[in-house]
Amino acid sequence: MAILEVLHFPNTQLRIKAKPVQQVDNTIRKIVDEMFETLYKAPGIGLAATQANIHQQIIVIDISEEQNQPLCFINPKILSCDGEQTTEEGCLSVPGIFEKIKRAEHVTVQALNQNGESFTLKTDGLLAVCIQHEMDHLTGKLFIDYLSSLKRQRIRKKLLKEKRTNKK
Ligand code: K1U
Ligand code: ZN
């Protein structure tokens, strides 16, 4: 298996809208396995295929400390959401930046798993936040898009400066 390269903001590939997976076959299962490997190595609690420059609707999540509760969502759809919660979010594609973001408290999501079987999950708290954050990635949206354009510009400058410095 392989660790996938995670794209960083402001890479424009992060803005590409992912396409639905047509068939959950061995190629998709390999991508899912590599996404989990990448997620656990990072480490992070979620990863969308878009972040690895793969433009298919695939998300992997594991919010457990022991990294033993893997969840895979293929072609995810939010069936319903309600309530409000504000949580500090980070993103592997926006390293070192943490901001409070307002999201729905409860979500019900329907998706396919790694075996191509449909399932529905009703959840709240951090898992609900993570699902919303990762589903945004699949539509080319980043959590920093919820901030002011001034803040986003500052983040853009900071990350570009860090990239230049790391190259030297
Ligand atoms: O880039 C991503 O989409 C992953 C991101 C997911 C996320 C974090 C917080 C709120 C919403 C969504 C991360 O995993 S950032 C890293 C992180 O949260 C973490 C890292 C190590 C241990 C525990 C958490
Ligand atoms: Zn992210």
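Structure: above.
Residues numbered from 1 in each chain as written. Chains lettered and ligands numbered in written order. Predicted model: local features only at pLDDT ≥ 70, side-chain atom pairs only at ≥ 80, totals over all residues. Heavy atoms only, no water.

Trainee: Explain the layout of surface pockets here, please?
Mentor: Rolled over the atoms, a probe sized like a water molecule indicates the empty space that remains. Estimates place the volume of the largest pocket at around 300 Å³. Taken together, 16 residues make up the lining of the largest pocket; nearest its centre are Ile45, Glu89, Gly90, Cys91 and His133. Here the element with the most residues in the lining of the largest pocket is helix H2 (residues 125-138); it accounts for five residues. Its residues assigned to classes, the lining of the largest pocket comprises eight nonpolar, five polar and three charged. The space that makes up the second largest pocket amounts to roughly 240 Å³. Around the second largest pocket, the lining residues are Glu5, Leu7, His8, Phe9, Pro10, Asn11, Pro95, Leu159, Leu160, Glu162, Lys163 and Asn166. Across the lining of the second largest pocket, the residue classes break down as six nonpolar, three polar and three charged. (1 Å grid on protein atoms, 1.4 Å probe; cavity = no way out; pocket = protein on both sides within 12 Å on 5 of 7 lines; lining within 4 Å. Points joined across faces, edges and corners; volume = space filled by probe spheres on them. Helix = DSSP H or I, 4+ residues; strand = E, 2+ residues; numbered from the N terminus. Nonpolar A, V, L, I, M, F, W, Y, C, P; charged D, E, K, R; others polar.)

Trainee: Mind showing me how you'd approach the coordination of the zinc ion (ligand 2) here?
Mentor: Each pair of donors in an ideal four-coordinate tetrahedral metal site encloses 109.5 degrees, whereas pairs in an ideal six-coordinate octahedral site enclose 90 or 180 degrees. Donor atoms from the polypeptide that bind the zinc ion (ligand 2) are Cys91 (SG), His133 (NE2) and His137 (NE2), placed at 2.0 to 2.3 Å. All donors to the zinc ion (ligand 2) come from one chain, and their sequence spacing reads C-x41-H-x3-H. Of the two residues, cysteine 91 sits in the loop between strand E4 (85-89) and strand E5 (99-103) while histidine 133 sits in helix H2, which places them 42 residues apart along the sequence. What makes histidine 133 buried here is its relative accessible area of 7%. (Donors = N, O, S within 2.8 Å, 3.2 Å for Na, K, Ca; no water. Buried < 20%, exposed > 50% of the residue type's maximum accessible area, 1.4 Å probe, protein only.)

Trainee: Before we go on, may I ask you to explain the site of ligand 1 in this structure?
Mentor: Close contacts around ligand 1 come from 13 residues, with Ile45, Gly46, Gln51, Leu92 and Glu134 the closest. Within the side chain of histidine 133, an N or O atom sits 3.1 Å from an oxygen atom of ligand 1. Protein contact buries 77% of the 530 Å² of open area that ligand 1 shows by itself. Taking a 2 Å distance to the grid points as the criterion, the majority of the atoms of ligand 1 fall inside the largest pocket. Among the elements that take part in the shell around ligand 1, H2 stands out by supplying four residues, more than any other. (Near = heavy atom within 4 Å. Polar contact = N/O pair within 3.5 Å; in protein donor to acceptor, adjacent residues only side chain to side chain. Areas by Shrake-Rupley, 256 points an atom, 1.4 Å probe, with all protein chains shown as cover. Sits in = over half its atoms within 2 Å of the grid points.)

Trainee: What's the story with the packing of aromatic side chains in this structure? I'm lost.
Mentor: Two aromatic rings, taken as a pair, are described by how far apart their centres are and by the angle between their planes. Summed over all chains, the structure comprises two aromatic pairs. The interplanar angle of 25° and the centroid separation of 6.0 Å between the aromatic rings of phenylalanine 36 and tyrosine 40 together place this pair among those described as stacked. With phenylalanine 36 and tyrosine 40 both in helix H1 (residues 26-41) and four residues apart, this pair spans about one turn of that helix. Given the relative accessible area of 9%, phenylalanine 36 is considered buried. Measuring from ring centre to ring centre gives 5.6 Å for phenylalanine 73 and phenylalanine 119, while their planes differ by 45°; the resulting arrangement is tilted. Of this pair, phenylalanine 73 sits in strand E3 (residues 71-82) while phenylalanine 119 sits in strand E7 (residues 118-124); the two residues are 46 residues apart in sequence, bridging distant segments of the chain. The exposure class of phenylalanine 119 is partly exposed, given its relative accessible area of 21%. (Phe/Tyr/Trp six-rings, centres within 6.5 Å; stacked < 30°, edge-to-face > 60°.)

Remember, this is a structural readout, not a statement about activity or role.
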